[in-house]
Amino acid sequence: MSSAESVLFDYTRQDASGASCTAHAWAKVPPALPADEKAAVKARIKELLFSQNAVLVAHYYVDGDLQDLALETGGCVSDSLEMARFGRDHGAQTLIVAGVKFMGESAKILSPEKHVLMPDLDATCSLDLGCDADDFTKFCDANPDRKVVVYANTSAAVKARADWMVTSSCALAIVSHLKAQGEKVLWAPDRHLGRYIQQQTGADMLMWNGACIVHDEFKGLELDLLKAQHPGAKVLVHPESPESVVAQADVVGSTSQLLKAVVELDAPAFIVATDNGILHRMRQLAPNKLLIEAPTAGNSATCKSCAHCPWMAMNALQGVLACLEQGSGEIHVDEPTRIKAHGCIDRMLDFVARNPSAITKPAQGFVPNVGAA
């Protein structure tokens with residue numbers, strides 16, 4: 001087998017019932033609040049955040065009201081790693097994490113002394129669900145000659161078994177570093193991101209077969225047709241997308257990098273292939289740009305582009321208020337797991353701190369001068 005060859009182990013066995021199914025997630029999405037009630041809930045949340053020494057951190061994919069509230073109250077809107085780092089460095093003793101469960105776990109791993117609460121603990125991630133810790137441990141044990149590199153979208157237990165954690169904007173640099181050290185890589189869980197990294201680096205990577213249910217649905221053929229309708233538009237793609245979609249991108253990058261591209265690139269329009277929750281922040285940062293959602297389905301579909309995570313959609317103002325009024329949704333990570341998981345995150349953070357030029361170096365469409373989150 002050549003060093004650039006991959007082997008896919010089909011361990012994706014997502015539970016199709018109960019709290020982990022998408023139908024359950026959509027059913028738990030809270031109803032939109034009337035304007036007057038929304039204003040009252042936001043005012044109450046602001047009051048409680050202040051009185052309880054708490055801060056709200058929100059992911060780019062959650063509802064725009066939560067993103068705005070986080071910024072209005074001194075919190076942050078960012079990628080998952082930056083959410084955890086912000087929470088770690090902030091003086092608040094309670095972190096309200098609007099996102100999915102692995103993000104809350106990452107915040108707890110970096111801030112064990114703080115209370116970490118989430119609007120709904122059922123809000124999970126298909127990549128996390130598709131990478132069971134026990135099965136993953138067996139996979140790692142069967143390949144002891146490989147460095148274990150996991151994407152941020154994994155549970156604390158999976159991170160505890162890893163040598164490195166990476167995000168989508170530092171993965172290229174870290175895998176390149178490991179290759180230069182003569183290391184072979186065991187990669188999990190996203191096969192699309194893994195394939196992209198392997199193609200760019202030529203590293204010997206053994207891959208878990210997982211995918212994000214949102215990015216996996218983007219369609220290369222439909223994207224090609226959409227580009228023909230908007231010849232001046234730049235195509236922005238998250239590397240969790242299928243190869244036929246990535247191949248058509250002007251920019252391939254993390255959520256932070258795609259945001260930066262919208263602001264800085266000289267183009268009137270952008271076709272965006274990632275969760276449509278990001279469009280809220282993009283419109284705020286680049287109000288004069290035309291933003292077009294990349295297609296997830298063909299012409300006969302009732303929804304041409306339905307790119308939104310059902311678990312992200314479970315986050316709402318009502319859940320944030322429940323965290324503050326009832327202390328609900330607290331994240332717990334047992335100490336042995338936390339310590340082990342902290343090691344793989346620290347290794348990444350140390351690498352990023354020591355190699356900023358490697359992280360920001362452009363590579364096939366990556367936007368330069370963006371940090372590790």
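Computed from a predicted model, the values in this text were never measured in an experiment. (Residues numbered from 1 in each chain as written. Predicted model: local features only at pLDDT ≥ 70, side-chain atom pairs only at ≥ 80, totals over all residues. Heavy atoms only, no water.)

Draft legend 1. Spotlight on the side chain of N153. Topologically, N153 is positioned in the loop between strand 6 (146–151) and helix 8 (156–160). Taking the relative accessible area as the measure of exposure, N153 reaches 12% and is therefore buried. Not counting residues up to four positions away in its chain, the partners in contact with N153 are F102, C125, L127, D128, P189 and E240. (Helix = DSSP H or I, 4+ residues; strand = E, 2+ residues; numbered from the N terminus. Buried < 20%, exposed > 50% of the residue type's maximum accessible area, 1.4 Å probe, protein only. Contact = heavy atoms within 4.5 Å.)

Draft legend 2. Spotlight on the sheet that holds strand 13 (residues 290–293). Spatial ordering of the open sheet is given by 11-10-12-13, a layout of four strands whose pairing is parallel. The open sheet has two edge strands, strand 11 (251–252) and strand 13, and neither has a second partner. Bridge count between strand 10 (residues 234–237) and strand 12 (residues 269–273): four bridges; the pairing is parallel. Residue pairing for strand 12: K234 is matched across the bridge by F270. (Pairing = 2+ DSSP bridges.)

Draft legend 3. Representation of the packing of aromatic side chains. The full count for this structure, using the stated rule, is three aromatic pairs. Centroid distance F136 to W208: 5.7 Å. Interplanar angle 70°. Geometry classified as edge-to-face. Of this pair, F136 sits in helix 7 (residues 133–141) while W208 sits in strand 9 (residues 205–208), and the two are 72 residues apart along the sequence. Here the two residues F136 and W208 agree in accessibility, since each one is buried. Judged by centre distance (5.4 Å) and plane angle (55°), the rings of F139 and W208 are tilted. Taken together, the residues span a long stretch of sequence, with F139 in helix 7 and W208 in strand 9 at a distance of 69 residues. (Phe/Tyr/Trp six-rings, centres within 6.5 Å; stacked < 30°, edge-to-face > 60°.)

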